[in-house]
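# Per-entry structural report
Spelled out, the chains give:
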Amino acid sequence: AESDAIVHMVPPNPTTQSYLSKFFLTIENAGITLDKLIVSGDAGKKLAEVVKRDIWGKALGVFRNQDYVHTDIHPGNICIQKSVEGKDMRATIVDLESAVKVDKIVNDSPIKDRDDIGIDKDATASFHMDEAAVLAILSCLHDDGSFRDWVDKRKKYFEMMWKGDLDATVSEFVRSTVESR
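Below, the structure is looked at part by part. Computed from a predicted structure; not experimentally measured.

## Quick look at the packing of aromatic side chains
Considering all chains together, one arrives at 0 aromatic pairs under this definition. One cation-aromatic arrangement involves R64 over F127; the distance from NZ or CZ to the ring centre is 4.0 Å.

Shown next as structure tokens:
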């Protein structure tokens, strides 16, 4: 049977970190990952709304209803796809092999930037892991479209959510996202 997925090579985004290979594989029907897009201003705000609708509003709920935590949500694991007409966009979480049941030890789950965000191998999976990651992505997209401080924001949001406290430094967009749940 033929697959409707088309795998092709695309050159790396020059503003992202160095990678071992010269090219990335992308699956056309999943879209392109957020970390390969260069956005700012209104385009970043529009992408933030798409991620808020599809990832925060839908995908995290599916994980939660099944008692799973993705554990490795980051800009490279969220794909954006435009409709054939190029008008509507859709966000999708990929790399599902890192998902674990809530309250299970995340030991071998491949979590990007694990050390930088302070998640030990013996930590237990928490919905806050996914929520903090998505909030950090939303904040980066909405504020300036850059992911340069994504790791710091993810760590900060995880700590604040764990304490049940979104402090005054959180943007109104992020705060309204949490309050809308």
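## Concerning the environment of P75
Secondary-structure assignment places P75 in the loop between β4 (68–69) and β5 (78–82). Take P75: its relative accessible area is 7%, and that puts it in the buried class. As for P75 and A136, which are separated by 61 residues in sequence, their C-alpha atoms are 9.6 Å apart. Once residues within four sequence positions are removed from consideration, P75 is found in contact with T33, L34, D35, I137, F147 and W150.

## A word on the packing of helix α1 (residues 41–65) against helix α3 (residues 127–143)
Between α1 and α3, the least distance of the axes is 8 Å, while the angle of their chain directions is 170°. Here α1 lies roughly antiparallel to α3, going by the angle between them. For the pair α1 and α3, the contacting residues are G44, K45, L47, A48, V51, K52, I55, W56, L60, F63 and R64 in the first and F127, D130, E131, V134, L135, I137, L138, L141 and H142 in the second. For the contact of α1 with α3, the class distribution of residues is 13 nonpolar, 2 polar and 5 charged.

## Describing the pattern of salt bridges
Following the criterion strictly, the structure yields 6 salt bridges and no others. As a salt-bridge pair, K36 and D35 come within 3.1 Å of each other at their nearest N and O atoms. Look at D35 and you get buried, because its relative accessible area is 15%. We note a salt bridge from D143 to K153, for which the minimum N-O separation is 3.1 Å. Taken as a pair, D143 in helix α3 and K153 in helix α4 (residues 150–163) lie far apart in primary sequence, 10 residues in all. For D143, a relative accessible area of 42% corresponds to the partly exposed category. What makes K153 buried here is its relative accessible area of 13%.

How each quantity is defined
Residues numbered from 1 in each chain as written. Predicted model: local features only at pLDDT ≥ 70, side-chain atom pairs only at ≥ 80, totals over all residues. Heavy atoms only, no water. Phe/Tyr/Trp six-rings, centres within 6.5 Å; stacked < 30°, edge-to-face > 60°. Lys NZ or Arg CZ within 6 Å of the ring centre and 35° of its normal. Helix = DSSP H or I, 4+ residues; strand = E, 2+ residues; numbered from the N terminus. Buried < 20%, exposed > 50% of the residue type's maximum accessible area, 1.4 Å probe, protein only. Contact = heavy atoms within 4.5 Å. Axes fitted to C-alpha atoms, helices over the stretch in contact; angles between N-to-C directions. Parallel < 35°, antiparallel > 145°, perpendicular 65-115°, else oblique. Nonpolar A, V, L, I, M, F, W, Y, C, P; charged D, E, K, R; others polar. Salt bridge = Lys/Arg side-chain N within 4 Å of Asp/Glu carboxyl O.

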